[in-house]
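# Descriptive structure summary
So you can see what is in the structure, the chains are spelled out below.
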Amino acid sequence: MAQRAITISPRWPGVLAGALVLVLTLGTLAAVALRAELTTGLGTADWAAIRFTVVQAFLSALISVVLAIPVARALARRRFWGRQAFITLLGAPFLLPVIVAVVGLIAVFGRNGILNSTMIWAGIEPISIYGFHGVILAHVFFNLPLAVRFILQGWLAIPSERFRLAASLNAPIGRVLEIPMLRAVVPSTFLVIFLICLTSFAVALTLGRGPKSTTVELAIYQALRFDFDLGRAAMLACIQFGLCAVAAVIAWRVTGVDAMGAGFDRTVTRWDKRRPFWDYLAIALAALFLLIPLAMVVLRGLPGLLIMPSSVWLAAVRSVLVAIGSATLCCTMAIALGLLGGRAVAVVGVLPLAASGLVVGTGAFLIVYPFVSPSDVALVITMLVNATLALPFVLRAIGPAIVAVHDDFGRLAVSVGLTRWRWLWVVVLPRIRRPLGFGAGLSAALSMGDLGVIALFAGKAEETLPLAMHRLMGAYRMDAAAGAAVLLLGVSLLIFWICDHWGRGDVDL
Amino acid sequence: MLICEDLELRYDDFSLRADVRFAAGAITALIGPSGAGKSTLLAAIAGFLPPASGRVSWAGMDITAQSPADRPVSMLFQDNNLFPHLTIAQNVGLGLRPGLRLSSSQMSQVDAVLESVGLAGMGTRKPAALSGGQQSRAALARVLLADRPLVLLDEPFAALGPNLKGEMLDLVKQRLADQGRTVMMVTHDPDDAKRIADAVAVVADGVVSDPAPTAALFDNPPSALAAYLGR
């Protein structure tokens, strides 16, 4: 009936959080741009980086989506032992530190990997994982599961009654049900993955080789780290921002599905289940593609745990602290923005998707530069950047829950006089505990595995675990790096599990 | 006395006019077809819907500009009258003060009121562990404890079976009206009104009619009510 927004929550925390996000995204970009001498135009290397970024993102998204369709279709219509576990596993790459996955992929597709060893044994010329196809391979590894989850959700959203009707009319299910669904779901899935791949840094840093496979993010890193050319970095940052903004706007307009949506446990009864072989083949291939690299990380890494330099353990402690700080900040901002609500918040909430982590970090560094030395604040800035970049995902998890609490209990709370902070403590926080736990775990895990801005500033004393691992790889100490990978993987998943588990405990819904 | 003076409520293309007085210390039922605006009128009196024009006053004081929490009003909604994550005692305690920390004397007040609605010893349970009727009693206990003179009931018992609903209505009469509170209840069931209401106001065709004594009204219904009752 008479539903109307009643102001229950204090407004200033949301305004403050919004301002912080604006400063960290647009403000840092401005800080970099102001310092820049915008005299030089774009060189051929810059154009190459732009071209490479767009082309690899396009191909990565295309391949991920095309391969995801048969897997999602198979999962939608088959029921088998371990199906739920497999769907859960599909969520894992989102939490997986990029550099860990890269180690796993190298173990399978690298020079001494399983694949090449087999090919040499069979007398075939070995392939290299570095360069263009390596970048795409890694992106498909990360985004194929995401695409499967998106598209599977589309399939499961078709009401079972439609399948029954189609079966009773003997109508072609593909044409009347599946193709219209795919037409709605595939473009948004494609765009989200395209956007994720546009901002790729760690993959290009570890697997890209030379100017032919440099993304814009990597070019920004090189301009800052090796040339300290703020002008070029700022210009590239603007280009990166523009590219992402366009993709993000289109993606957010087209996207109707929820990336982290729960509840895939429904199997629709279907009457077109002949030829199970192809379905199970698709599932098996996808499972092998995801599981073998992960298994290799663990297999190779476990012995490596013993030979890691002790600095790696220190780096792990630092990473955990940064992750906790980042998750705390990110969730606080997301709650504040969620309570504020409205269209401006929606825009602020997706803004970080278009921001380059490196530019945010560099801008933040330039802002504080007159006061402190860069390595002193490396960890703090990393924390800020990580919190900002994770915000869109966490807000997406928490925001709708806050709206639901407001709709269900807002009037009751107002009528018994629970407003402002009491409303937050007594009603909102207990009731959003589940998405909050998930969001905290997500942002902590993302921060834990982040290899971005930290690579710019950190000295030995500020190393995080992913950076320590990257440096071990750079020094060709692969066994120790593999050990660090296991540690990083374990800690990331553990920290996510702890938060998510906390969110699931003791809730009365 | 609750007075709606030239009150006009509007949202989207819906509008409702009310220029009526409701007697203090009585139970008034609002009856009429669904969508006529019964709940909307309660929402306006409770302060959830600012009127397009006109005034609401209680005991001679204009409350139109007051926030819902400041009004002398307790309200029970169609659903979500208890916070599911709080215990019954915590939910009821919210009637005393908006927060969870209660003094020991306040806690014994909560226990006493729970006993008076037949929920003795249930304070530590969560709402989900109670039956629908018990949940309604708990919500009513909070209203009792809140000690606000005007009580608005927006069909909070609609989901209960006829027997339980009757029990709850009797409880409203005994515990609230007989102790001096002014009760306004929305209903679409004439029997509810006949059971406990002193007066009935018909809400139909965008207008709230003056409340009339229940028995007299049902014996000789005006055309809008007759149409609703199907006579």
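These figures come from a predicted structure and were not determined experimentally. (Residues numbered from 1 in each chain as written. Chains lettered and ligands numbered in written order. Predicted model: local features only at pLDDT ≥ 70, side-chain atom pairs only at ≥ 80, totals over all residues. Heavy atoms only, no water.)

### Describing the domain arrangement of chain B
All names here are of chain B.
- Here chain B is partitioned into domain 1 (1-72 + 149-168 + 179-231) and domain 2 (80-147).
- Spacing between the C-alpha centres of domain 1 and domain 2 amounts to 26 Å.
- Taken together, the contact between domain 1 and domain 2 spans nine residues of the former and nine residues of the latter.
- Interface of domain 1 and domain 2: buried area, both sides summed, is about 730 Å²; carbon and sulfur atoms make up 61% of it.
- Interface area lost by domain 1 to domain 2 is led by L160, M168 and R181, which between them contribute 55%.
- Across the domain 1-domain 2 interface, the total number found is one salt bridge.
- Of the charged contacts in the structure, one is a salt bridge between R137 and E167, with a shortest N-O distance of 2.8 Å. (Domains from an automatic or database assignment. Contact = heavy atoms within 4.5 Å. Buried area = accessible area lost by both parts, 1.4 Å probe. Salt bridge = Lys/Arg side-chain N within 4 Å of Asp/Glu carboxyl O.)

### What about the pairing of strand β2 (residues 14-22) of chain B?
All names here are of chain B.
- Here β2 shows one buried face, formed by F14, L16, A18, V20 and F22, and one open face, formed by S15, R17, D19 and R21.
- Examined bridge by bridge, strand β1 (residues 2-11) and β2 share eight bridges and lie antiparallel to one another. Within β2, the residue paired with Y11 across the bridge is F14.
- What sits between β1 and β2 in their antiparallel hairpin is a turn of two residues, with D12 showing a positive phi close to 50°.
- As paired strands, β2 and strand β10 (residues 207-208) are joined by two bridges and run parallel to one another. Each residue of the ladder has a partner; that of R17, found in β10, is V207. (Buried < 20%, exposed > 50% of the residue type's maximum accessible area, 1.4 Å probe, protein only. Helix = DSSP H or I, 4+ residues; strand = E, 2+ residues; numbered from the N terminus. Pairing = 2+ DSSP bridges.)

### Observations regarding the nonpolar core
All names here are of chain A.
- Counting 134 residues, the largest nonpolar core has L75, I220 and M469 as the members making the most contacts within it.
- If one sorts the elements of this core by residue count, helix α6 (residues 132-156) sits on top with 15 residues.
- With residues up to four places along the chain from it excluded, the contact list for L75 reads F80, R83, F86, I87, L90, V148, L152 and I283. (Core = buried A, V, L, I, M, F, W, Y, C linked by side-chain atoms within 4.5 Å.)

### Concerning the packing of helix α13 (residues 310-340) of chain A against helix α20 (residues 465-474) of chain A
- Contact pair α13(A) / α20(A): the axes reach a minimum separation of 7 Å and the direction vectors enclose 145°. Residues V312(A), A315(A), A316(A) and S319(A) of α13(A) touch α20(A), and the partners they reach there are L465(A), P466(A), A468(A) and L472(A). (Axes fitted to C-alpha atoms, helices over the stretch in contact; angles between N-to-C directions.)

### Re the confidence of the model for chain A
- For chain A, mean pLDDT is 83; residues scoring 70 or higher make up 92% of the total.
- Contacts for the low-pLDDT stretch residues 256-265 of chain A, under 50 throughout, to residues beyond four places or in other chains number 22 contacts. (pLDDT = per-residue confidence, 0-100.)

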